[in-house]
Amino acid sequence: DKWRPLTVSLGIGTNVVQKHEVISTSNNTMPYNLNASVAYHFGKLSGVRLGLQYISLPASENTRFIDYNMTVPEFGYAPVKRQGVWHHNYYLGTASLAYVLNMTNAMAGYRPGRLFELEAFLGPSIAYTFGETGSLDERISLMEGHEARVAKKIKQKLYPAVSGGAILSARLSQRMGVTFTPQIHLIPTLTLPTLLEGYPRFIETFDLGVYYKF
């Protein structure tokens, strides 16, 4: 069973983030994330991991929105500011470069063909807000020919972060296997309405995936 130092992984999952919602909504959007990583192991214990993750974060809040009358373009659609429940969907990306420690080999020694392995990783990262989409709660009515838009959207911006987590892998063949990866992104300067408003500001992600060893 040849030892292979390079591993490529792909995964999909969900996430958990502290929310400050205190209202009842009709929003049933599920949070999700996609991830990809490349890890290179210098030896049987340590290596480096480049990880990329795309995260969707739904949240609802009672906020200002603008009611546009789309039937009167000659008057700039006659915008009127209103208040109501808005369903946000924020989109965030992270890129991290982490040190990897093979916990299984560290505690029990290297053994070719082992079925399960556990690794831990930690390192600096960056987070980027791609923007948001959203909609007005279905229980709030608009007149025919009107359109609602949130008054203030989040900006596209880079934020410093720290990312860490664990990788539990199960071997299916000499080269392939499946993974479960819980991960935490600490993003101290990022604020999202109803999300990441207190301290510490972090996102927990949980992904199932597959790997291939070269």
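Use the structure listed above.
This structure is a prediction, so every number in the text was calculated from the model and none was measured.

What about the layout of surface pockets?
Alright, step 1. Volume-wise, the largest pocket comes out at about 290 Å³.
Alright, step 2. Of all elements in the fold, only strand 3 (46-69) and strand 7 (157-171) reach the threshold of two or more residues within the lining of the largest pocket.
Alright, step 3. At 3 residues, strand 3 tops the list of elements feeding residues into the lining of the largest pocket.

Focus: the side chain of Ser60
Alright, step 1. Inspection of the secondary structure puts Ser60 in strand 3.
Alright, step 2. For Ser60, a relative accessible area of 2% translates into the label buried.
Alright, step 3. A polar side-chain atom of Ser60 sits 2.7 Å from a polar atom in the side chain of His87.

Looking at a nonpolar patch on the surface
Alright, step 1. A cluster of nonpolar residues, Val8, Val38, Tyr40, Phe42, Val48, Leu50, Leu52, Leu97 and Phe214, forms a patch on the protein surface that exposes about 820 Å² of accessible area.
Alright, step 2. It is strand 3 that provides the largest number of residues to the nonpolar patch, a total of 3 residues.
Alright, step 3. Phe42 sits in the exposed class, given a relative accessible area of 57%.

Considering the side chain of Thr181
Alright, step 1. Among the structural elements, Thr181 can be located in strand 8 (residues 176-186).
Alright, step 2. If near-sequence neighbours (up to four positions away) are discounted, Thr181 is found in contact with Phe121, Ala166, Ile167, Thr205, Phe206 and Asp207.

Regarding empty space enclosed by the protein
Alright, step 1. Scanning the entire structure with this criterion turns up 4 cavities of 30 Å³ or more.
Alright, step 2. Of the pockets and cavities examined, the largest cavity occupies roughly 490 Å³.
Alright, step 3. Taken together, 34 residues make up the lining of the largest cavity; nearest its centre are Arg4, Thr7, Glu117, Tyr211 and Lys213.
Alright, step 4. Elements that contribute at least two residues to the lining of the largest cavity include exactly strand 1 (6-17), strand 2 (32-41), strand 4 (80-102), strand 5 (116-136), strand 7 and strand 9 (202-213).
Alright, step 5. Among the residues forming the lining of the largest cavity, the class breakdown is 11 nonpolar, 12 polar and 11 charged.

Structural notes on the packing of aromatic side chains
Alright, step 1. Here the structure, examined in full by the defined rule, presents 6 aromatic pairs.
Alright, step 2. Ring geometry for Tyr128 and Phe130: centres 5.1 Å apart, planes at 80°, overall edge-to-face.
Alright, step 3. For Tyr128, a relative accessible area of 27% puts it in the partly exposed group.
Alright, step 4. Overall, Phe130 belongs to the partly exposed group, its relative accessible area being 41%.
Alright, step 5. A ring pair is formed by Tyr212 and Phe214, whose centres lie 4.9 Å apart and whose planes are at 70°; its orientation type is edge-to-face.
Alright, step 6. Judged by relative accessible area, Tyr212 falls into the partly exposed class, the value being 30%.
Alright, step 7. Under the relative-accessibility criterion, Phe214 is labelled partly exposed at 48%.
Alright, step 8. Among the aromatic residues, ring-to-ring pairing joins Tyr54, Tyr91, Tyr128 and Phe130 into one connected group.
Alright, step 9. Above the face of the Trp3 ring, Lys44 is positioned so that its terminal group lies 4.4 Å from the ring centre.
Alright, step 10. Taking the ring centre of Tyr199 as reference, the NZ or CZ of Arg201 above it sits at 4.3 Å.

A look at the pairing of strand 8
Alright, step 1. What you see with strand 8 is a clean split: Gly177, Thr179, Thr181, Gln183 and His185 sit on the buried side and Met176, Val178, Phe180, Pro182, Ile184 and Leu186 on the side with no burial.
Alright, step 2. Note: strand 7 against strand 8, 8 bridges, orientation antiparallel. Across the sheet, residue Ser163 finds its bridge partner in strand 8, namely His185.
Alright, step 3. Turn length for the strand 7-strand 8 hairpin, with the two strands adjacent in sequence and antiparallel, is 4 residues.
Alright, step 4. In terms of strand pairing, strand 8 meets strand 9 through 11 bridges, oriented antiparallel. For Pro182, the partnering residue across the bridge sits in strand 9 and is Phe206.

What counts, and at which threshold
Residues numbered from 1 in each chain as written. Predicted model: local features only at pLDDT ≥ 70, side-chain atom pairs only at ≥ 80, totals over all residues. Heavy atoms only, no water. 1 Å grid on protein atoms, 1.4 Å probe; cavity = no way out; pocket = protein on both sides within 12 Å on 5 of 7 lines; lining within 4 Å. Points joined across faces, edges and corners; volume = space filled by probe spheres on them. Helix = DSSP H or I, 4+ residues; strand = E, 2+ residues; numbered from the N terminus. Buried < 20%, exposed > 50% of the residue type's maximum accessible area, 1.4 Å probe, protein only. Polar contact = N/O pair within 3.5 Å; in protein donor to acceptor, adjacent residues only side chain to side chain. Patch = residues over 30% accessible without salt bridge, like charges linked within 9 Å, V, L, I, M, F, W, Y side chains within 5 Å. Areas by Shrake-Rupley, 256 points an atom, 1.4 Å probe, with all protein chains shown as cover. Salt bridge = Lys/Arg side-chain N within 4 Å of Asp/Glu carboxyl O. Contact = heavy atoms within 4.5 Å. Nonpolar A, V, L, I, M, F, W, Y, C, P; charged D, E, K, R; others polar. Phe/Tyr/Trp six-rings, centres within 6.5 Å; stacked < 30°, edge-to-face > 60°. Lys NZ or Arg CZ within 6 Å of the ring centre and 35° of its normal. Pairing = 2+ DSSP bridges.

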